[in-house]
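# Secondary and tertiary structure notes
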Amino acid sequence: MGMEIPFDVANIPGPEMGEVAPPEVIGSYISSAKRPLLVVGSEILRDDFFLETAIEMGRKGVPIAATGHSIRGFVEKEYTENVSYYNLHELTNCLRDPGWKGLDGKGNYDFVIFFGVVYYYASQMLSCIKNFAIDPLIRAVSIDRYYHPQARMSFMNISPEMEEGYKDMLNRLVSSIK
Amino acid sequence: MEELKKGGIFNISDLRNVRISIGEIVEEEEEWEPMGPHPMPGIATLRNWDFMLLNRYKPFYAPLCDMCCLCTYGKCDLTGNKKGACGIRMDAQHGRIVLLACLVGCSAHCGHGRHMLHEMIKKFGGDVPIDFGPEVDVEAPLTRLVCGIKPKTIRDYEKVFDYIEEQIVQLADALHTGQEGSYRDFESKALHMGMLDSLGKEAADIIQIASYGMPTSYEGGGPDVPLVDVGIGTIDTTKPVVLVIGHNVPPAADIGDYLTENGLEDRVELAGICCTSIDTTRVYKKAKIAAALGRQLRVIRMGIADVVVVDEQCIRADILELCQRVHSPLIVTNDKAMHGLVDRTDDNPDKIVDDLVSGRAPGVVILDPEQVGEVAVKTVIQMDKKRKGLKLILSDEEFKYYVNDCIQCGNCTLACPNGLRIGEANQSATSGDIKPLAGLFDLCVGCGRCEQVCKKHIPIVDVITKAAYPQVKEEKGRMRIGRGPVWDSEIRDVGAPIVLGTIPGIIAPIGCGNYPNGTKDAWLIVKEFAERNYIVTLTGCMAIDAALWKDEEGKTVYEQHHGRFDAGGVLNIGSCVSNAHIHDAAIKVASIFAGRPLRGNYEEIADYILSRVGACGVAWGAMSQKAASIATGFNRLGIPAVVGPHGAKYRRAFLGRPDLKDDWKLIDATDGSEIYFEPGPQHLLVACETVEEALPMIAKLCFRPSDTDRGRSIKLTHYIDLSLKYLNAYPPDWHLFVRTATDLPIANKNELLKKLEDEHDWEIDWKMKRIKEGPIRGYDPSFNPTNLRRLIREKKK
Ligand code: SF4
Ligand code: SF4
Ligand code: SF4
């Protein structure tokens, strides 16, 4: 754990900046969350591995909101079990409302994982959650290859040549979800 | 005492206890239409309308910064919706920032408009008539609507700007610490500012159209405006090149005049960037459009310009430094952006030319447009000879050296707004594959941040340009010149199909070039909707960028589609200020087609548009504060807008919640009954992550409660089809827009009825192919939707 430079270097929001966390820590939070939600964006389509990772998490019972045009990938893989298309603005707007019924009609979420959303758009939505989804608190984290200061927890920046290392982190994360 | 009218006769002996003061003589306004309820509305006048909008489309805030540092109590940490020392909460503070952005944007348009008015009165006199030809009777819909004024000459705009400026000052006052404290009221003020912005834009464009004789409905105007060259590849660099940048056309127009008067049109290239270039093509036939805003840095760095002339807005703040680097003298022409240069307006032109050519002065300020014309042309002719030998594109050796020198540290990527992987592309280039680097050219927004952090001092922008040079030289498009107003006769033809929904929508791609994934998205948006018979009306940088790409036949969207305001049309309306004509087209549908009173009647017209005119703005690369005020102006008038992912950094969206039933109630004006309705339009301002997501979203935001079943079925066809094409899935909410079986697309009606039955538990009468139960409401062709109780014709018994 430690400080990291935001992926978009000037994106320093203020006194509360997210912690860099290893995959197992994030995995254990997901495991202990009452209502976790995986929010995926269009960047998961850049490599089958990321799509498979999301599907794996879905299979472990984490419902998926597919934002951007990421739903394409799930349909192509014929995984539609607990996936719904949502526009990210619309979704975040719902998340900030404690009365929202959720994707399954059973209520809002307490732990939200951002994965594969364009960096700056994700950062803004994480900011909304951090600043306004406070009572009850929703924790939002990022498992992208970027450091996201607006998330409660995030990976560090991972350069392209460390891609294999990043994939390994995602594998560790998925296996640590109980 | 009765007001004394000009030309009236009165007997002085009848007057008692009367003081006569002679000020401005008020000429009687011709009674062209009775005055409506809200002429020249103040801050609070339309607050109820705003609050109705804000209840349905609640402001959504995504702070870009969690602190406030506007006064010396601060910095205040507002994280978690805390309050600052002055008592303002994070949400209200963000409403305040939005109002501030709209203030800046609106001031830019209106400052430009007022400046234009001064210049034009000085040049042509105040009596220039506002006459847009036989097809345009309603010449200034926003001016009539907001101010209650029917302008006859450009001088009439003095009153309009007096009103706007007073309102801007009052709204700016609200920004001070210890004033407004409610986010909803900040947003109402931002909406007011947005409305002023649209009015100011209309004023600016009307003044320049009238004064310069830009295209209107006289011969050669409207759908028949000519095409011009667009793109870096169209500039003939064997000739001296004057490059104009900005938004205020008079200096460029005077350069054109000087070239014409001196027979130099074929000897000198006059090219432009951004809105000045669009407006230059409206006044000077030989002008070319080099590029939109996103290419500014690169066009200058490529050394294309032998002289650069800037006016106002969207000019790079380091323009002087950029020009010096490539030995292009700079002429600045506007007191709002003087860049530290010496004001030489009153000097002898030849002496100024001499100083610029010799390099004694890297640039000058000249505030008289006519003088700019002479100095720019004389300078460019001499500079062309001087600059001939300059090599500004990297040599092969230099290119090789730089890509090899890169250590893949990633600093540039962290600095890049689009997170472009420059190091990776450099590495590919070292092994001979320059494609990844060349591919960055269109994705780059031309900001230059990367170069400042490169420890190896690699001129990254030049390296990318070098890799892409063969394709850049071929950047040759065509676009229609800005046509200005949509004709009344066109509105008469399409008013019914728009309101009934059989023309599925008016799509308005507008604004800047801060795209997430290059200019091709602009082209794709236009192409998709034009091919589907929407009306596509473009302005500003998006109008330019859409012209850079061609279909299989080698045609741009402007060459492929007609320019009428009709199904399948692709119209370049003009520069940023011209996009007021898109508001105007919607207003004219309400007034000309539907006969709604226009004068001083903003609220009713906006109510009409919100419920009946399926229009949607698309600011895919929105960047500036002007784009913020433009979108907010659209929103107050009842027109939604979609922005690209960078648009999330505007911090505020207006999002509807279809799951909250009570947010979606309309009144039937026929009898006053309240009706729950489908969420059309669902949002007023929303960001999409990718163009694939945006296309169905834009189609969705064209649903309106007034759609007939035929119109709704056409809109649904496109919504579903775009979703299947780009998301590979049915939209999860398509069923919300079904009121009756005849709303369904005919081609797959049975399949959709089955889906309604299976997936949404609707009750279907299969024998009659009818829906028995399920929809939010049934289809009632006589439904007369309104949000305004005062418009109820007859109270329900
Ligand atoms: S304006 Fe208010 S929130 Fe901002 S620094 Fe001053 S006291 Fe703090
Ligand atoms: S900052 Fe310079 S050295 Fe580092 S990756 Fe970018 S181009 Fe290469
Ligand atoms: S100039 Fe282009 S590559 Fe460099 S930081 Fe800006 S957008 Fe990125």
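Residues numbered from 1 in each chain as written. Chains lettered and ligands numbered in written order. Predicted model: local features only at pLDDT ≥ 70, side-chain atom pairs only at ≥ 80, totals over all residues. Heavy atoms only, no water.

### Notes on the overall build of chain A
Threshold: Helix numbering and strand numbering both begin at the N terminus, where a helix is a DSSP run of H or I of at least 4 residues and a strand a DSSP run of E of at least 2. Computation of the radius of gyration draws on C-alpha atoms, with the globule rule given as 2.2 Å multiplied by the number of residues to the power 0.38. For each residue, the accessible area found with a 1.4 Å probe, counting protein chains only, is set against the maximum for its type, and the residue is called buried under 20%, exposed over 50%, and partly exposed in between. Contact criterion: two residues are considered in contact whenever any of their non-hydrogen atoms come within 4.5 Å of each other.
Looking only at helices and strands, chain A has six helices and seven strands in total. Along chain A, helices and strands appear, N-terminal first, in the series β-α-β-α-β-α-β-α-β-α-β-β-α. Over its C-alpha atoms chain A spans a radius of gyration of 15 Å, differing by no more than 12% from the 16 Å that the globule rule assigns to 178 residues. When its C-alpha atoms are laid out on the principal axes, chain A stretches across 40 × 35 × 30 Å. A buried classification covers 61% of the 178 residues belonging to chain A. Expressed as a percentage of contacts within chain A between residues at least 6 apart in sequence, the contacts between residues at least 24 apart total 67%.

### What about the overall build of chain B?
Threshold: When charges are counted, Lys and Arg contribute as positive and Asp and Glu as negative, whereas His and the chain ends are disregarded. Note that the charge is assigned to NZ on lysines, CZ on arginines, CG on aspartates and CD on glutamates.
The secondary structure content of chain B amounts to 27 helices and 23 strands. Expressed as lengths along the three principal axes of its C-alpha atoms, the size of chain B is roughly 90 × 85 × 60 Å. Going through the 797 residues of chain B one by one, you find that 64% of them count as buried. The averaged location of the 111 negative side-chain charges in chain B is 3 Å from the averaged location of its 96 positive side-chain charges.

### With respect to the domain arrangement of chain B
Where we set the bar: Per the annotation, domain bounds derive from an automatic or database assignment of domains.
Domain boundaries in chain B define domain 1 (47–212) and domain 2 (396–473). Taken over C-alpha atoms, the centre of domain 1 of chain B sits 40 Å from the centre of domain 2 of chain B.

### Re the site of ligand 1
Put simply, the rule is: The cutoff for a nearby residue is simple: one of its non-hydrogen atoms must lie within 4 Å of the molecule or strand. Three classes are used, and their members are as follows: Ala, Val, Leu, Ile, Met, Phe, Trp, Tyr, Cys and Pro are nonpolar, Asp, Glu, Lys and Arg are charged, and the others, Gly among them, are polar.
Taken together, Cys68(B), Leu70(B), Cys71(B), Tyr73(B), Gly74(B), Cys76(B), Gly84(B), Ala85(B), Cys86(B), Ile88(B), Arg96(B) and Thr177(B) make up the full set of residues near ligand 1. Considered class by class, the residues forming the shell around ligand 1 number eight nonpolar, three polar and one charged.

### Description of the sheet that holds strand E12 (residues 506–509) of chain B
All names here are of chain B. Heads up, the rule is: A pair of strands counts as paired when DSSP detects no fewer than two bridges linking them. Between the N-to-C directions of two axes lies an angle of 0 to 180 degrees, each axis being a line fitted to C-alpha atoms and, for a helix, fitted only over the stretch in contact.
One open sheet holds the eight strands; their spatial order is E1-E17-E20-E16-E15-E12-E13-E14, and the pairing between them is mixed. Only two strands of the sheet have a single partner each, and these edge strands are strand E1 (58–61) and strand E14 (570–574). Strand-to-strand twist of the sheet, defined as the mean angle between neighbouring strand axes without regard to direction, takes the value 25 degrees. Here four bridges tie strand E13 (residues 535–539) to E14, and the two strands are oriented parallel to one another. Following the sheet pairing, Thr537 is matched in E14 by Leu571.

### Digging into the interface of chain B and chain A
Rules: Basic side-chain nitrogens of Lys or Arg form a salt bridge, by our definition, when they fall within 4 Å of a carboxyl oxygen of Asp or Glu. As used in this structure description, the phrase polar contact means that two N or O atoms lie within 3.5 Å; if the pair is within protein, one of them must be able to donate a hydrogen and the other to accept it, and residues adjacent in sequence are counted only when both atoms belong to side chains.
Between chain B and chain A, the residue contacts involve 56 residues of the former and 52 residues of the latter. At the boundary of chain B with chain A, the tally comes to four salt bridges. One salt bridge connects Glu90(A) with Lys700(B), and the closest N-O pair in it is separated by 3.6 Å. Scanning the region where chain B abuts chain A turns up 26 residue pairs in polar contact (both at pLDDT 80 or more). Residue composition of the side of chain B that touches chain A, grouped by class: 26 nonpolar, 13 polar and 17 charged.

### Considering the pattern of salt bridges
All names here are of chain A. According to the stated counting rule, one finds 73 salt bridges over all chains in the structure shown. Residue Arg46 pairs with Glu163 through a salt bridge whose shortest N-O separation is 2.9 Å. Linking Arg46 in the loop between strand E2 (36–40) and helix H2 (48–59) with Glu163 in helix H6 (residues 163–176), this pair joins segments that are 117 residues apart in sequence. Relative accessible area serves as the criterion here: at 38%, Arg46 is assigned to the partly exposed category. Ionic pairing is found between Lys167 and Glu164, a salt bridge with its closest N-O pair at 4.0 Å.

### Examining the site of ligand 2
Residue and element names in this part refer to chain B. Of all residues adjacent to ligand 2, which total 13 residues, the nearest are Cys406, Cys409, Gly410, Cys412 and Cys454. Contributing elements (two or more residues each) for the shell around ligand 2: helix H13 (411–415) and helix H14 (422–430). When grouped by side-chain class, the residues that make up the shell around ligand 2 number seven nonpolar, five polar and one charged.

### Describing the packing of helix H2 (residues 90–124) of chain B against helix H5 (residues 183–212) of chain B
Residue and element names in this part refer to chain B. What counts here: If an angle is under 35 degrees, it is roughly parallel; if it is over 145, roughly antiparallel; if it lies from 65 to 115, roughly perpendicular; otherwise it is oblique. By convention, the crossing between two helices is left-handed when the near helix turns anticlockwise from the far helix through less than a right angle, and right-handed when the turn is clockwise.
At their nearest, the axes of H2 and H5 sit 8 Å apart, and the two run at 20 degrees to each other. Overall, the two elements H2 and H5 adopt an arrangement that is roughly parallel. Crossing angle aside, the handedness with which H2 passes H5 is left-handed. The residue inventory of the contact of H2 with H5, partitioned by class, reads 19 nonpolar, seven polar and six charged.

### Quick notes on the sheet that holds strand E4 (residues 83–85) of chain A
Residue and element names in this part refer to chain A. On the basis of which strands lie adjacent, the open sheet formed by seven strands has the order E1-E7-E6-E5-E2-E3-E4 and parallel pairing. Pairing within the sheet leaves two strands with one partner each, and these edge strands are strand E1 (19–20) and E4. Sheet topology note: the E1/strand E7 (residues 153–154) ladder contains two bridges and is parallel. Bridge pairing in E7 places Val20 opposite Ser154.

### Here's the deal with the packing of H2(A) against H6(A)
All names here are of chain A. At a minimum axis distance of 10 Å, the contact between H2 and H6 shows a crossing angle of 10 degrees. Taken as axis vectors, H2 and H6 run roughly parallel relative to one another. In this structure, H2 uses Phe49, Phe50, Thr53, Glu56 and Met57 to contact H6, whose residues at the interface are Glu163, Tyr166, Lys167, Leu170, Asn171, Leu173 and Val174. In terms of residue class, the contact of H2 with H6 is made up of seven nonpolar, two polar and three charged.

### Concerning the side chain of Glu187(B)
Residue and element names in this part refer to chain B. On the secondary structure map, Glu187 appears in helix H5. You can call Glu187 buried: its relative accessible area is 0%. A distance of 2.9 Å separates a polar atom in the side chain of Glu187 from a polar atom in the side chain of Arg652. Glu187 has contacts with Leu54, Pro59, Tyr61, Gly95, Val98, Arg652 and Phe654, leaving out every residue within four places of it along the chain.

### Some thoughts on the confidence of the model for chain B
All names here are of chain B. Defined as follows: Scored between 0 and 100, pLDDT is the confidence that the predictor attaches to each residue.
When the pLDDT values of chain B are averaged, the result is 95; 96% of them are 70 or greater. Contacts for the low-pLDDT stretch residues 1–10, under 50 throughout, to residues beyond four places or in other chains number eight contacts. Of the two predicted TM-score estimates for the complex, the pTM is 0.96 and the ipTM is 0.98.

### Comments concerning the packing of aromatic side chains
Residue and element names in this part refer to chain B. The line we're drawing: Any two rings among Phe, Tyr and Trp, with Trp reduced to its six-membered ring, count as a pair given centres within 6.5 Å; such a pair is stacked if its planes are under 30 degrees apart, edge-to-face if over 60, and tilted if neither.
Summed over the entire model, instances satisfying the criterion amount to 20 aromatic pairs over all chains. Taken together, a centroid distance of 4.1 Å and an interplanar angle of 10 degrees make the contact between Phe703 and Phe737 stacked. Of this pair, Phe703 sits in the loop between helix H25 (691–700) and helix H26 (709–727) while Phe737 sits in the loop between H26 and helix H27 (749–760), and the two are 34 residues apart along the sequence. Look at Phe703 and you get buried, because its relative accessible area is 0%. Taking the relative accessible area as the measure of exposure, Phe737 reaches 0% and is therefore buried. A ring pair is formed by Tyr719 and Phe737, whose centres lie 6.2 Å apart and whose planes are at 90 degrees; its orientation type is edge-to-face. Separated by 18 residues along the polypeptide, Tyr719 in helix H26 and Phe737 in the loop between H26 and H27 bring together distant segments of the chain.

### Structural notes on the environment of Gly569(B)
Residue and element names in this part refer to chain B. Along the chain, Gly569 falls in the loop between helix H21 (557–560) and E14. Among the residues examined, Gly569 registers a relative accessible area of 0% and is labelled buried. Residues Gly569 and Glu531, spaced 38 residues apart in sequence, show a C-alpha to C-alpha distance of 9.0 Å. Beyond its immediate sequence surroundings of up to four residues, Gly569 is in contact with Tyr534, Ile535, Val536, His562 and Arg564.

### What about the pairing of strand E17 (residues 652–655) of chain B?
On any regular strand, side chains alternate: one points to one face of the sheet, the next to the other face. Residues and elements named next belong to chain B. Residues of E17 alternate between two faces, with Arg652 and Phe654 on one and Ala653 and Leu655 on the opposite face, all of them buried. One ladder, built from two bridges, connects E17 with strand E20 (residues 683–687); its direction is antiparallel. Bridge pairing in E20 links Leu655 to His683.

### What about the side chain of Arg657(B)?
As for its placement among the helices and strands, Arg657(B) is situated in the loop between E17 and strand E18 (665–668). Residue classification places Arg657(B) among the buried positions, given a relative accessible area of 7%. Separated by 3.0 Å, the side chains of Arg657(B) and Asp97(A) make a polar contact. For Arg657(B), the contacting residues outside a window of four places in its chain are Asn93(A), Cys94(A), Asp97(A), Trp100(A), Arg56(B), Asp663(B) and Trp664(B).

### Considering helix H10 (residues 349–358) of chain B
Residues and elements named next belong to chain B. Along H10, the residues that are buried comprise Pro349, Ile352, Val353, Asp355, Leu356 and Val357. Buried-residue contacts for H10 involve strand E9 (330–332), strand E10 (363–365) and helix H11 (369–387). Looking one or two residues beyond H10, the residue adopting positive phi is Gly359, at roughly 90 degrees.

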